[in-house]
Amino acid sequence: MKSHELQIRIYYEDTDCGGVVYHANYLRYMERGRTEFARSLGIDLAAYQDQGLVFAVVDASIKYRRSAYYNDMLTVVTSVKEIASASMTFSYEIKRGDALLAEGEVKIACVKLGSGMPTRMPAGMVEALKA
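These remarks concern the structure in this document. Because the structure is a prediction, the values reported are computed rather than measured. (Residues numbered from 1 in each chain as written. Predicted model: local features only at pLDDT ≥ 70, side-chain atom pairs only at ≥ 80, totals over all residues. Heavy atoms only, no water.)

Okay, the overall build of the protein next. Secondary structure assignment for the protein yields three helices and five strands. Reading the helices (α) and strands (β) of the protein from amino to carboxyl end gives β-α-α-β-β-β-β-α. Compactness check: the protein gives a C-alpha radius of gyration of 16 Å against a globular reference of 14 Å for 131 residues, within 12% of the reference. Summarising its shape, the C-alpha atoms of the protein cover approximately 45 × 30 × 20 Å along the three principal directions. Burial statistics for the protein: of 131 residues in total, 39% are counted as buried. Excluding contacts between residues fewer than 6 apart, the proportion of contacts in the protein whose partners are at least 24 apart in sequence is 67%. Split by element, the accessible area of the protein, about 7,400 Å² in all, is 48% carbon and sulfur. Distance between charge centroids for the protein: 4 Å, based on 16 positive and 16 negative side chains. (Helix = DSSP H or I, 4+ residues; strand = E, 2+ residues; numbered from the N terminus. Rg over C-alpha atoms; globule rule 2.2 N^0.38 Å. Buried < 20%, exposed > 50% of the residue type's maximum accessible area, 1.4 Å probe, protein only. Contact = heavy atoms within 4.5 Å. Areas by Shrake-Rupley, 256 points an atom, 1.4 Å probe, with all protein chains shown as cover. Lys, Arg positive; Asp, Glu negative; His and termini not counted. Charge placed at Lys NZ, Arg CZ, Asp CG, Glu CD.)

Taking 1.5 Å per residue as the helical rise, helix α1 (residues 25–40) with its 16 residues ought to reach 22 Å, and the 22 Å between its terminal C-alpha atoms agrees with that figure. Among all positions in α1, only N25, Y26, Y29, M30, G33, R34, F37 and A38 are buried. Contact partners of the buried residues in α1: β1 (3–9), β2 (53–64), β3 (73–83), β4 (87–96), β5 (99–112) and α3 (123–130). Just downstream of α1, G42 is the residue with a positive phi angle, here 80°. (Expected span 1.5 Å × (residues − 1).)

Positive phi, normally seen in glycine, also occurs at N71, with a value near 75°. Its place among the elements puts N71 in the loop between β2 and β3. For N71, a relative accessible area of 45% puts it in the partly exposed group.

Following this line, the structure appears as structure tokens:
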């Protein structure tokens, strides 16, 4: 399956008092990677929301390997690991050059807006991710 790379600059606001990227920000970078991956494939998440479908994170894990610092330029590599009937799992690598800083996985479920009930992943999205 496909993957996508996103460049992210680390700003002072991303860091703790020691100039190290705050641990929770890695989830934000993974979210950006997933969103830009979808956009690069022509997947319009807002259009799905207009159709009453949203994508909720149901599981997330991160393994921290090395620290990132203020002004670093990072690469977030996003890949599809698995597509199921009502969910998808994405894997991530966050790197500074060739150095692996963090890796993670996020599972999202397709749910009906309002009720929160799981529903099948949209066929167009699945096709775009598998193509």
